[in-house]
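# Survey of secondary and tertiary structure
The lines below spell out each chain.
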Amino acid sequence: MAVFYRLYQNKRSGAKHDYWYARAAHPQTVNLEKIAEIVQQNCSVKGSDVRAVLSELVEVMTLQLQAGNRVKLDGFGTFKIGLCSTGVEKAEDFSVARNVKSVHLLFLPVSRVGADGRHVRTFLAGTVVKELPDYPAPASGEAAGGGGTGGGSGEGTGGSGGGEEMP
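Calculation rules
Residues numbered from 1 in each chain as written. Predicted model: local features only at pLDDT ≥ 70, side-chain atom pairs only at ≥ 80, totals over all residues. Heavy atoms only, no water. Salt bridge = Lys/Arg side-chain N within 4 Å of Asp/Glu carboxyl O. Helix = DSSP H or I, 4+ residues; strand = E, 2+ residues; numbered from the N terminus. Buried < 20%, exposed > 50% of the residue type's maximum accessible area, 1.4 Å probe, protein only. Pairing = 2+ DSSP bridges. Axes fitted to C-alpha atoms, helices over the stretch in contact; angles between N-to-C directions. Phe/Tyr/Trp six-rings, centres within 6.5 Å; stacked < 30°, edge-to-face > 60°. Lys NZ or Arg CZ within 6 Å of the ring centre and 35° of its normal. Polar contact = N/O pair within 3.5 Å; in protein donor to acceptor, adjacent residues only side chain to side chain. Contact = heavy atoms within 4.5 Å.

### Observations regarding the pattern of salt bridges
Taken as a whole, this structure holds four salt bridges when the rule is applied. Across the salt bridge formed by Glu-33 and Arg-51, the nearest N and O atoms sit 3.2 Å from each other. Linking Glu-33 in helix 1 (residues 32–42) with Arg-51 in helix 2 (residues 47–66), this pair joins segments that are 18 residues apart in sequence. The exposure class assigned to Glu-33 is partly exposed, which follows from its relative accessible area of 43%. Where Arg-118 meets Asp-116, a salt bridge forms, and the shortest distance between an N and an O atom there is 3.8 Å.

Rendered as structure tokens:
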């Protein structure tokens, strides 16, 4: 299995204008039903029980996060709520209604320290990255989604190249 990417060209003005970058491509979405099916195949638990537990987990996590708590799932990671706000010169000028612009969810996956002393996120260890097959990879000077030969790894055309394992 691999994580796929598509190439895109930076069209924003600045120092790296017109550079090509990889953007993760997600050809499928795995929903709760599919996860329950896979768990049922791997364990001795019924799919309906898995669905019930996962649905309740979402409810409990929502309540805990909205209460201002962090939610840590051992072996998975930690969830917490973050805020985006505008600044003010004096603390007494701050207003939630005026200065808090958005609320968002943050996730920090579990990590371990590798043999080289670097932190490795558990979900990402051994990830292989490949260009998405069956999409017209852009040629130099073309907008993303145009025809031509694939870039990235330089192996093959149109996304047929091999992958590289990430540290």
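What follows continues from the structure just given.
### Overview of the sheet that holds strand 5 (residues 100–109)
If you trace the three strands from one edge of the open sheet to the other, you get 3-4-5, paired in antiparallel fashion. With partners counted over all chains shown, the strands left at the sheet margins are strand 3 (71–73) and strand 5, one partner each. Within this sheet the neighbouring strands show an average axis-to-axis angle of 25°, counted without direction. Here strand 3 runs beside strand 4 (residues 77–85); their pairing, made up of three bridges, is antiparallel. Directly across from Leu-73, in strand 4, lies its bridge partner Gly-77.

### Some details on the packing of aromatic side chains
For the coordinates displayed, the defined rule picks out five aromatic pairs. Ring geometry for Phe-76 and Phe-123: centres 5.1 Å apart, planes at 75°, overall edge-to-face. Residue Phe-76 is found in the loop between strand 3 and strand 4, and its partner Phe-123 is found in the loop between strand 7 (119–121) and strand 8 (128–131); the two are separated by 47 residues along the sequence. Judged by its relative accessible area of 35%, Phe-76 falls in the partly exposed class. Its relative accessible area of 44% is what places Phe-123 among the partly exposed residues. Centre to centre, the rings of Phe-79 and Phe-107 are 4.7 Å apart; their planes meet at 40°, and the pair counts as tilted. In this pair, Phe-79 is assigned in strand 4 and Phe-107 in strand 5, connecting sequence segments 28 residues apart. With a relative accessible area of 12%, Phe-79 lands in the buried category. Given the relative accessible area of 35%, Phe-107 is considered partly exposed. Through a chain of ring-to-ring contacts, the aromatic side chains of Phe-76, Phe-79, Phe-107 and Phe-123 assemble into a single cluster. Over the ring of Tyr-8 we find Arg-23; its NZ or CZ atom is 3.7 Å from the centre of that ring.

### Overview of the side chain of Asn-10
Considering the arrangement of structural elements, one finds Asn-10 in the loop between strand 1 (3–9) and strand 2 (20–25). A distance of 3.2 Å separates a polar atom in the side chain of Asn-10 from the backbone oxygen of Lys-16. When near neighbours in sequence (up to four residues on either side) are disregarded, Asn-10 contacts Lys-16, His-17, Asp-18, Tyr-19 and Tyr-21.

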